[in-house]
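# Structural characterization, general
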Amino acid sequence: MPRSAIGVSRLALTTCLDRLRAQKIRPEVRHADLTPDESDAFDAAWLTGSSPDATGAIGARDVVDKILASLSPEDRSLILMVDLEGRSLQEISETMGWSISKIKMRLFRVRPQLRQMIRKLEERQ
């Protein structure tokens, strides 16, 4: 095999392995993976802007759980504490043993990932 063919095959292999590693680290949530109730809750909450009824709220919670499950455990607990529980940065710092600047940086990095996951779900509508 000529040298250029070896280089190209090595490049292709490396690219594929990088993609597989990225998928393993940050799994995607696809619209097709959602149950009909979760899909309806997503449509109601994100596309129409209306709040779901009681059964839709359960579906919405399941969608949130699936999206959060794609995050690392630390990022997931951080998002839960800040955005869902409403804890202050000082409380989180004391609980997790992190500096406030580390918490801010992780939030700065995680929130765009969440937005991107939601956009992908919207696009698959």
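All figures in this text were calculated on a predicted structure; none of them were measured in a lab. (Residues numbered from 1 in each chain as written. Predicted model: local features only at pLDDT ≥ 70, side-chain atom pairs only at ≥ 80, totals over all residues. Heavy atoms only, no water.)

Counting its secondary structure elements, the chain contains six helices and zero strands. Order of helices (α) and strands (β) in the chain, N terminus to C terminus: α-α-α-α-α-α. Evaluated residue by residue, the chain yields a buried proportion of 24% over its 125 residues. Long-range pairs, those at least 24 residues apart, make up 63% of the contacts in the chain between residues at least 6 apart in sequence. Total accessible area computed for the chain in this model is approximately 8500 Å², and 57% of it derives from carbon and sulfur atoms. (Helix = DSSP H or I, 4+ residues; strand = E, 2+ residues; numbered from the N terminus. Buried < 20%, exposed > 50% of the residue type's maximum accessible area, 1.4 Å probe, protein only. Contact = heavy atoms within 4.5 Å. Areas by Shrake-Rupley, 256 points an atom, 1.4 Å probe, with all protein chains shown as cover.)

Ile67, Leu71, Leu78, Ile79 and Leu114 are the most contacted members of the largest nonpolar core, which totals 18 residues. When residues of this core are traced back to their parent elements, those giving at least two are α3 (54-69), α4 (73-84) and α6 (100-123). (Core = buried A, V, L, I, M, F, W, Y, C linked by side-chain atoms within 4.5 Å.)

In this model, α6 (24 residues) spans 35 Å end to end at C-alpha, consistent with the 34 Å of a helix rising 1.5 Å per residue. For α6, the set of buried residues is Ile103, Leu107, Val110, Leu114, Met117, Ile118 and Leu121. (Expected span 1.5 Å × (residues − 1).)

Residue-level pLDDT values for the chain average 75, and 58% of them are 70 or greater. Mean pLDDT across the secondary structure elements of the chain bottoms out at helix α1 (residues 3-25), with 65, and peaks at helix α5 (residues 89-96), with 91. (pLDDT = per-residue confidence, 0-100.)

Contact geometry of α5 with α6 gives a least axis separation of 9 Å together with a crossing angle of 105°. Taken as axis vectors, α5 and α6 run roughly perpendicular relative to one another. From α5, Leu89, Gln90, Ile92 and Ser93 reach across to α6, where they touch Ile100, Ile103, Lys104 and Leu107. Per-class residue counts for the contact of α5 with α6 are five nonpolar, two polar and one charged. (Axes fitted to C-alpha atoms, helices over the stretch in contact; angles between N-to-C directions. Parallel < 35°, antiparallel > 145°, perpendicular 65-115°, else oblique. Nonpolar A, V, L, I, M, F, W, Y, C, P; charged D, E, K, R; others polar.)

Attention now moves to the side chain of serine 70. By secondary structure assignment, the location of serine 70 is in the loop between α3 and α4. Here the side chain of serine 70 touches isoleucine 67 through a polar contact of 2.6 Å, landing on its backbone oxygen. (Polar contact = N/O pair within 3.5 Å; in protein donor to acceptor, adjacent residues only side chain to side chain.)

Moving on to the pattern of salt bridges. When their charged atoms lie close together, side chains carrying opposite charge are able to pair. One pass over the structure, following the stated rule, counts three salt bridges. Ionic pairing is found between aspartate 83 and arginine 111, a salt bridge with its closest N-O pair at 3.0 Å. Of this pair, aspartate 83 sits in helix α4 while arginine 111 sits in helix α6; the two residues are 28 residues apart in sequence, bridging distant segments of the chain. A relative accessible area of 29% means that arginine 111 is categorised as partly exposed. The residue glutamate 85 makes a salt bridge to arginine 87 at a minimum N-O spacing of 3.0 Å. Residue arginine 87 is classed as partly exposed on the basis of its relative accessible area of 33%. (Salt bridge = Lys/Arg side-chain N within 4 Å of Asp/Glu carboxyl O.)

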